[in-house]
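Chain by chain, the residues run as shown.
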Amino acid sequence: MEKGKVLDRDYTGPVLEEVLKTNKVAHEVPTEGVYRGKHVVVAPIRSKEGKVVAALGIVDLLATIDLPSVFQEYTSVLEEVEDAKK
């Protein structure tokens, strides 16, 4: 889902497959697949008996932003704005 819309009902990927096999939560950065290089958290959805029936994954897109470089540029942008006001 993205912005309240179902984008794909048949998606699979390496971390989802791993969780379906191991029945354990995974916090990883896949090295292949659609979300390669993005931080993901995938959790198993279990039946009452504890067997995996599905897996739910969340992609953390904010983790891919290089915050130090964003804030490093912030100062120079403020300086440019202040200089333009003069």
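Residues numbered from 1 in each chain as written. Predicted model: local features only at pLDDT ≥ 70, side-chain atom pairs only at ≥ 80, totals over all residues. Heavy atoms only, no water.

1. Structural notes on the nonpolar core
In terms of nonpolar packing, the biggest core is built from 6 residues, these being V15, L16, V19, A26, V40 and V42. No other element matches the 3 residues that helix α1 (residues 14-22) contributes to this core. Not counting residues up to four positions away in its chain, the partners in contact with L16 are Y11, V42, A55, L56 and G57. (Core = buried A, V, L, I, M, F, W, Y, C linked by side-chain atoms within 4.5 Å. Buried < 20%, exposed > 50% of the residue type's maximum accessible area, 1.4 Å probe, protein only. Helix = DSSP H or I, 4+ residues; strand = E, 2+ residues; numbered from the N terminus. Contact = heavy atoms within 4.5 Å.)

2. Some words on the environment of L20
Secondary-structure assignment places L20 in helix α1. Separated by 31 residues in the primary sequence, L20 and K51 place their C-alpha atoms 9.4 Å from one another. Contacts of L20, omitting those with residues within four sequence positions, involve V52, A54 and A55.

3. Some thoughts on the sheet that holds strand β1 (residues 26-28)
Ordered in space as β1-β2-β3, the 3 strands form an open sheet in which the pairing is antiparallel. With one partner strand each, in any of the chains shown, β1 and β3 (52-60) form the two edges of the open sheet. On average, each strand axis in the sheet is tilted by 15° relative to the strand beside it, whichever way the strands run. Pairing geometry for β1 and strand β2 (residues 39-46), over 3 bridges, is antiparallel. Paired with E28 across the strands is V40, a residue of β2. (Pairing = 2+ DSSP bridges. Axes fitted to C-alpha atoms, helices over the stretch in contact; angles between N-to-C directions.)

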